[in-house]
Amino acid sequence: MGLYIETHIRADLDELWARTQDPARHQRWDLRFTEIHHLPRAEGEPQRFRYATRVLPFLTVSGTGVAAGEKERPDGTRTSALRFASPHPLSLIAEGSGYWRYVPDAHGVRFLTGYDYRPRWGAPGALADRLLFRPLMGWATAWSFDRLRLWLERGITPERALANWLAELTARALLLALCLTALDRGSLPGPAPLADSMAYLCPLLLVLGISLALFKAPLATTPAARRCLRAPATRARAPRLLKTLEEHG
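Bear in mind that the values here come from a model prediction, so they are computed numbers and not experimental data.

Draft legend 1. Inspection of the overall build of the protein at higher detail. Per the secondary structure count, the protein includes seven helices and seven strands. Written out in order from the N terminus, the α and β elements of the protein read β-α-α-β-β-β-β-β-β-α-α-α-α-α. Among the 249 residues that make up the protein, the fraction classed as buried is 41%. For the protein, long-range pairs separated by at least 24 residues make up 59% of all intrachain contacts whose partners lie at least 6 apart in sequence. Total accessible area on the protein stands at roughly 14,300 Å², and carbon and sulfur atoms take up 60% of it.

Spelled out as structure tokens, the structure:
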């Protein structure tokens, strides 16, 4: 079961291409990677690259891949395809492949990806992937796409977008903690006279607070995975370009 993520970005196609194809800019907005570097290549060969992801402060998982892009297509769209693999024994992803499509329209660009991978560690790895890792990868990809959108549409840098997300997450956690504390006490925390006078409002305020903490839509300046499509409107096919990379795997 492959992953699919799509967003619409009101931006210039060339600028979107640059911020996704340049490794230095790509690693700034994509939560899945800490570092991406192009490797030397011969004339006419697909671009090879090395990537790394910091899983923990003391643990970095790395891998290599090969990519190719079609910048000029008859229908005006662009495509980028890649294959990747990691020999690191702690990497759940053994190998995989995917693509990006850039579909311009009157209001910007539909930017979408489809990718899949083979997990390692046998049956335990497949179970861990299905229950935890694959949903996490889907969320991280969608969240990153929305962070890219904010960068292009609003000029909010990836670093600022991350700070906005952490600040909003902290505010929601504090509000939820406040509500749960009030629920445990049976009244709102604070001076006793004030709490007593508002006792009849307490259940309503608690429900409102918990709803805001858990279900309120993210702020417009905060990246959110929920803004992206997670399934194609019609059956999506991998581009032919991906097949040309198989011999370079």
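Draft legend 2. Up close: the confidence of the model for the protein. With 87% of its residues at a pLDDT of 70 or more, the protein has an overall mean of 87. Across the protein, element-level confidence peaks in strand β1 (residues 3-9) with a mean pLDDT of 97 and bottoms out in helix α5 (residues 192-197) with 48.

Draft legend 3. Local environment of the pattern of salt bridges. Per the stated rule, a full pass over the model turns up 17 salt bridges. With its nearest N and O atoms 2.9 Å apart, the salt bridge here joins Arg 134 to Asp 129. The buried category is assigned to Asp 129, whose relative accessible area is 4%. Salt bridges sharing partners connect three or more residues here, namely Arg 10, Asp 146, Arg 149, Glu 153 and Arg 227.

Draft legend 4. Geometry of the packing of aromatic side chains. Counted by the stated rule, this structure contains 12 aromatic pairs. Seen from their ring centres, Trp 143 and Trp 165 are 5.4 Å apart, and the 70 degrees between their planes marks the pair as edge-to-face. Taken as a pair, Trp 143 in helix α3 (residues 122-154) and Trp 165 in helix α4 (residues 158-185) lie far apart in primary sequence, 22 residues in all. Residue classification places Trp 165 among the partly exposed residues on the basis of a relative accessible area of 22%.

Draft legend 5. Looking closely at the environment of Arg 19. For Arg 19, the position within the fold is in helix α1 (residues 13-21). Considering only alpha carbons, one finds Arg 19 and Leu 152, 133 residues apart in sequence, at a separation of 8.9 Å. Other than its neighbours up to four places away in sequence, Arg 19 contacts Arg 25, His 26, Trp 29, Leu 148, Trp 151 and Leu 152.

Draft legend 6. Inspection of the sheet that holds β1 at higher detail. If you walk across this open sheet you meet the seven strands as β1-β7-β6-β5-β4-β3-β2, and the pairing is antiparallel. Bordering the open sheet on either side are β1 and β2 (35-38), each of which pairs with just one other strand. Taken over all neighbouring pairs, the strand axes of this sheet differ in orientation by 20 degrees on average, direction set aside. Against the sheet, α1 touches β1, β2, β4 (59-70), β5 (78-85), β6 (93-105) and β7 (108-119), its axis set at about 165 degrees to β6. Packing against the sheet, α3 makes contact with β1, β6 and β7, and its axis sits at approximately 160 degrees to β7.

Draft legend 7. Local environment of the side chain of Glu 6. Position of Glu 6 relative to the elements: it lies in strand β1. We classify Glu 6 as buried; its relative accessible area is 9%. Of note is the side chain of Glu 6, whose polar atom sits 2.5 Å from the side chain of Tyr 4. Excluding its chain neighbours within four sequence positions, the residues that come into contact with Glu 6 are Arg 110, Phe 111, Leu 112, Cys 228 and Leu 229.

Calculation rules
- Residues numbered from 1 in each chain as written.
- Predicted model: local features only at pLDDT ≥ 70, side-chain atom pairs only at ≥ 80, totals over all residues.
- Heavy atoms only, no water.
- Helix = DSSP H or I, 4+ residues; strand = E, 2+ residues; numbered from the N terminus.
- Buried < 20%, exposed > 50% of the residue type's maximum accessible area, 1.4 Å probe, protein only.
- Contact = heavy atoms within 4.5 Å.
- Areas by Shrake-Rupley, 256 points an atom, 1.4 Å probe, with all protein chains shown as cover.
- pLDDT = per-residue confidence, 0-100.
- Salt bridge = Lys/Arg side-chain N within 4 Å of Asp/Glu carboxyl O.
- Phe/Tyr/Trp six-rings, centres within 6.5 Å; stacked < 30°, edge-to-face > 60°.
- Pairing = 2+ DSSP bridges.
- Axes fitted to C-alpha atoms, helices over the stretch in contact; angles between N-to-C directions.
- Polar contact = N/O pair within 3.5 Å; in protein donor to acceptor, adjacent residues only side chain to side chain.

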